[in-house]
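Structure assessment
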Amino acid sequence: MGKGGSLSDSVLKKILLSYTYVAIWIFLSFTVIVYNKYILDKKMYNWPFPISLTMIHMSFCATLAFLLIKVFKFVEPVTMSRDLYFSSVVPIGALYSLSLWLSNSAYIYLSVSFIQMLKALMPVAVYSIGVLFKREGFKTDTMVNMLSISLGVAIAAYGEARFDTWGVVLQLGAVAFEATRLVLIQILLTSKGITLNPITSLYYVAPCCLVFLFLPWIFVEYPVLKESSSFHFDFVIFGTNSLCAFALNLAVFLLVGKTSALTMNVAGVVKDWLLIAFSWSVIKDTVTPINLFGYGLAFLGVAYYNHAKLQALKAKEAQKKAQQADEEAGRLLEEREGEGTGKRSDSEN
């Protein structure tokens, strides 16, 4: 009875911890998105400099990642040669900097709710680029599902009250660059046996992001900031914003490590709906019935995609276990045959 009780307590504790990690990730992801919107939106804090904000984030995150890895030894570094860094990490860093720059820029032009709806296109972009780079096999049913997601997002865009073409172009560009980055991580790093968690990823990627962002910053934002004498750097606003951005990466590290990537995908769906509700009720963004119908259609497509990925993963794991069982049975059979041959040899002698 005591043993069963302790097992139940252990399972309950594990479930509660999982929900805690999910809640922390949702809260931080929610906070970073709303905080970035607050800083960049001209009607709020009115600091429309997305490259500068991204560079502040990258500087802060790179510094803390260095401390966690090199000083406090909280995370083990990954062994990486100079050639591998320049051939693999640098291209990924370039795509990441572009993705962050464009996605932060979109907050100036679009509502938080509509941006979340456009982000539903991420599976479409990842799958399409995966097929293009031959990392994914073309499947008619998967492509039909991708088209249903795209149709849902198109309907949501049609019903958007504050539709801005430039903002949509920026967000779609961010989705395209982020999807390409995710596929290149598989090609350039995972295929070589190198796995970067969010902390080691920041340690290696954030510095080259800073370099790539510095070039457009010099020509696009620096001249404007130089002429703006009214601006004074607010350490509380930008410090807490950067801390939230880093804490989000740490939360991803804990969530994926303690649960799974699929749990994070499901939590992401919950977060998107919460953001849409918050955008409508608190920020007072207009969310139309056509918006919700379109996003609902896209949501169903994304849910089906995640379900199909889970089933494929389970089938792969079952096949792997069956193969291991067959190999173990074959090994035991060989050992028994060997023992039998040895006994026959002894009896003959």
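Everything that follows concerns the structure shown earlier in this document.
Here is a short report on the structure shown in this document. All values reported here derive from a predicted model rather than from experimental measurement. (Residues numbered from 1 in each chain as written. Predicted model: local features only at pLDDT ≥ 70, side-chain atom pairs only at ≥ 80, totals over all residues. Heavy atoms only, no water.)

**What to know about the packing of helix α5 (residues 122-132) against helix α7 (residues 165-188)**
- Their axes nearest at 9 Å, the elements α5 and α7 cross at an angle of 50°. One way to sum up the angle between α5 and α7 is to call them oblique. For α5 against α7, the interelement crossing comes out right-handed. Of the residues in α7, those touching α5 at Met 122, Ala 125, Val 126, Ile 129 and Gly 130 are Val 175, Ala 176, Glu 178, Ala 179, Thr 180, Leu 182 and Val 183. (Axes fitted to C-alpha atoms, helices over the stretch in contact; angles between N-to-C directions. Helix = DSSP H or I, 4+ residues; strand = E, 2+ residues; numbered from the N terminus. Parallel < 35°, antiparallel > 145°, perpendicular 65-115°, else oblique. Left-handed = near helix turned anticlockwise from the far one by under 90°. Contact = heavy atoms within 4.5 Å.)

**Brief notes about helix α6 (residues 140-158)**
- Helix length check: α6 (19 residues) gives 27 Å between terminal C-alpha atoms against 27 Å at 1.5 Å per residue, within 8%.
- All buried positions along α6 are accounted for by Thr 142, Asn 145, Met 146, Ile 149, Gly 152, Val 153, Ala 156 and Ala 157. Seen along its axis, α6 keeps its buried residues to an arc of 140°; they face one direction. Opposite the packed face of α6, turned more than 90 degrees from it, sit the exposed residues Thr 140, Val 144, Leu 147 and Tyr 158. (Expected span 1.5 Å × (residues − 1). Buried < 20%, exposed > 50% of the residue type's maximum accessible area, 1.4 Å probe, protein only. Arc of directions from axis to C-beta.)

**Here we look at unusual backbone geometry**
- One non-glycine residue with positive phi stands out, namely Lys 73, at about 55°.
- Of note, Lys 73 is situated in the loop between α2 (50-71) and α3 (82-109).
- For Lys 134, which is not a glycine, the phi torsion comes out positive at approximately 60°.
- You can see Lys 134 is positioned in the loop between α5 and α6.

**Things to note about the environment of Ala 312**
- Turning to its location among the elements, Ala 312 is positioned in helix α12 (residues 289-348).
- As a C-alpha pair, Ala 312 and Val 124 span 188 residues in sequence and 18 Å in three-dimensional space.

**With respect to the packing of aromatic side chains**
- For the structure on display, the rule yields 16 aromatic pairs.
- Taking the centre distance of 4.7 Å and the plane angle of 65° together, the rings of Trp 47 and Phe 238 count as edge-to-face. A residue pair is termed long-range when its members are at least 10 positions apart, and Trp 47 in the loop between α1 (2-40) and α2 and Phe 238 in helix α10 (residues 235-258) qualify at 191 residues. This pair shows no difference in class: Trp 47 is buried, exactly as Phe 238 is.
- On the basis of an interplanar angle of 80° and a centroid distance of 4.9 Å, the ring pair of Tyr 203 and Tyr 204 is categorised as edge-to-face. (Phe/Tyr/Trp six-rings, centres within 6.5 Å; stacked < 30°, edge-to-face > 60°.)

**A closer look at a nonpolar patch on the surface**
- Together, Phe 66, Val 71, Phe 72 and Phe 74 give the surface a local cluster of nonpolar side chains, amounting to about 440 Å² of exposed area.
- Along the polypeptide, Val 71 turns up in helix α2.
- By relative accessible area, which is 47% here, Val 71 ends up partly exposed. (Patch = residues over 30% accessible without salt bridge, like charges linked within 9 Å, V, L, I, M, F, W, Y side chains within 5 Å. Areas by Shrake-Rupley, 256 points an atom, 1.4 Å probe, with all protein chains shown as cover. Salt bridge = Lys/Arg side-chain N within 4 Å of Asp/Glu carboxyl O.)

**Digging into the pattern of salt bridges**
- Scanning all chains against the criterion turns up five salt bridges.
- Of the charged contacts in the structure, one is a salt bridge between Glu 136 and Lys 309, with a shortest N-O distance of 3.6 Å. Residue Glu 136 is located in the loop between α5 and α6, and its partner Lys 309 is located in helix α12; the two are separated by 173 residues in the primary sequence.
- The class of Glu 136 is partly exposed, set by a relative accessible area of 27%.

**Overview of the state of the cysteines**
- The full count for this structure, using the stated rule, is zero disulfides.
- Here Cys 208 is not disulfide-linked; the sulfur of Cys 209 is the nearest cysteine sulfur, at 5.3 Å.
- Cys 208 sits in the buried class, given a relative accessible area of 6%. (Disulfide = S-S within 2.5 Å.)

**Description of the side chain of Ser 279**
- If you trace the backbone, Ser 279 turns up in helix α11 (residues 261-281).
- Residues within four places of Ser 279 in sequence aside, it is in contact with Val 112, Ser 113, Lys 284 and Asp 285.

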